Amino acid sequence: MALKLTRKTVAGLTTNRPSGLRVFDTECRGFGVTVYPNGRKVAGFRYGGTQRRWITLGEINAEFTVEDARKKALVLRGAVTGGHDPAQERKEQASIPLFKEWVDTYIDRARSTKKSVRDDERYLSLCAAHWPGKRLDRVTPADIEKVRSAFRTKPTAANRLLASVSACFSSAIRFKLVKENPATGLPKYAEAPPRARVLSDDELARLVAAVEAEEDLAIRTCFRLLLETGCRLGEALSAKWEDFDLQGQRWRLPSPKAGTPQTIPLAPETALWLAQAPRVGAYVVPGEKGRRFDVKRPWQRLKDRAGLDGVTVHDIRRTFGKLVAKHAGIHMASALLRHSDLRVTAKVYAPFSEGEQRE
């Protein structure tokens, strides 16, 4: 059955058929309305050849008129003419998860491939809270920028948020859930230049003397490791005796920042005093509960004893890198600091003053 579907003609449609009566429009091919015995009238669009498909557009009522339904049908007709399959596309879109649902899946998978997912959990959870009902493919660059703008005063955090969101969408693309990454093209915020504080020769000598005078053996051991190997504080605190091959003069890091095991070569003198050091438990730097988790108070004590101001523990590693670079070259400094990119060493750990460059 076909006739020109208007508000008047649709309002007059009736049927006693339990399955309903479908009436097609004479002006827009494929556009039709199904009327049911209870008076409900539902608009839809039919297309296809031998395998016909029907897409429901909505129930005709005061808010959704026949004219509204016809506009939707015309859009679908244009899509079909252009080679699209609206029903299949709707089915595919319905299978796309909400952003917050995909975040849970992504983080679970990331745990097996990344050393730490702490930043991802923090920033992606924040985004998910802002987009609770938004489907993954509906997130826009504007959505991301709105969340990121809250970190304008903390550009490093803002850039980490962007990196987490970008990685999350890149993974979704690999699983063919979305076709585009909305984080692509968003510029990074300008960050403050990296800290470049290093100890002068005099400051370093005073720190060495303060460490040698330290009565707490565990603290003395910790800072000797920092000074003589250039390791990170976390690496020194988590070091176990089983990680050291003192005869072979090497220290194996089973789980460093880079994620894959690394080896630190030890100077003969370092291996010697470690071999002679008393062992209390499994950790090289023992604490009350097996291992020590921070050295804030002892570090302040050492700084006071050495007369150091504005120095952090990590400045020891930066000083180590600069000294190695000065005496053995930037490539050796990068190797001993275990950097994956030489540019990190050159920019952050081996800065040279104008006077040093002139010399």
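Shown above is the structure to which this text applies.
From a predicted model like this one, the values you see are computed outputs, not experimental measurements.

Analysis parameters
Residues numbered from 1 in each chain as written. Predicted model: local features only at pLDDT ≥ 70, side-chain atom pairs only at ≥ 80, totals over all residues. Heavy atoms only, no water. Core = buried A, V, L, I, M, F, W, Y, C linked by side-chain atoms within 4.5 Å. Buried < 20%, exposed > 50% of the residue type's maximum accessible area, 1.4 Å probe, protein only. Helix = DSSP H or I, 4+ residues; strand = E, 2+ residues; numbered from the N terminus. Contact = heavy atoms within 4.5 Å. Phe/Tyr/Trp six-rings, centres within 6.5 Å; stacked < 30°, edge-to-face > 60°. Lys NZ or Arg CZ within 6 Å of the ring centre and 35° of its normal.

Colleague: Would you mind showing me how to read the nonpolar core here?
Modeller: One broad rule of soluble globular proteins: the nonpolar side chains tend to lie buried together. Among the nonpolar cores identified, the biggest contains 35 residues, and Phe223, Trp251 and Leu274 are the most heavily contacted of them. Counting only elements with at least two residues in this core, the list comes to helix H8 (201–212), helix H9 (217–229), helix H10 (233–237), strand S7 (250–253), helix H11 (268–276) and helix H12 (296–306). Setting aside residues no more than four positions away along its own chain, Leu274 makes contact with Leu225, Trp241, Phe244, Leu246, Leu266 and Val284. Within the second largest apolar cluster, 30 residues are counted, among which are Val117, Cys127, Leu136 and Val147.

Colleague: Please clarify how unusual backbone geometry should be interpreted in this entry.
Modeller: Trans peptide bonds make up the majority, and among non-glycine residues the majority have a negative phi. Unlike most non-glycine residues, Lys176 shows phi in positive territory, near 60°. Topologically, Lys176 is positioned in the loop between helix H7 (155–174) and H8. Exposure remark for Lys176: the relative accessible area of 74% places this residue in the exposed category. Positive phi is not limited to glycine here, since Arg338 has a value of about 60°. Structurally, Arg338 is set in the loop between helix H14 (330–337) and helix H15 (342–349). The class of Arg338 is buried, set by a relative accessible area of 10%.

Colleague: Sorry, what's going on with the packing of aromatic side chains here?
Modeller: Think of a pair of aromatic rings as described by two things: how far the centres are apart, and how the planes are tilted against each other in angle. In the structure shown here, the tally under the stated rule is nine aromatic pairs. When the centroid spacing of 5.4 Å and the interplanar angle of 10° are considered together, the rings of Phe223 and Trp299 count as stacked. One end of the pair, Phe223, is in helix H9; the other, Trp299, is in helix H12, and 76 residues separate them in sequence. The structure contains a cluster of three or more aromatic residues connected by ring pairs, namely Phe99, Trp131 and Phe169. The ring of Phe175 is capped by Arg109, whose NZ or CZ atom sits 4.1 Å from the centre of that ring. Geometry around Tyr189 places Arg148 over its ring, the cationic atom sitting 4.1 Å from the centre.

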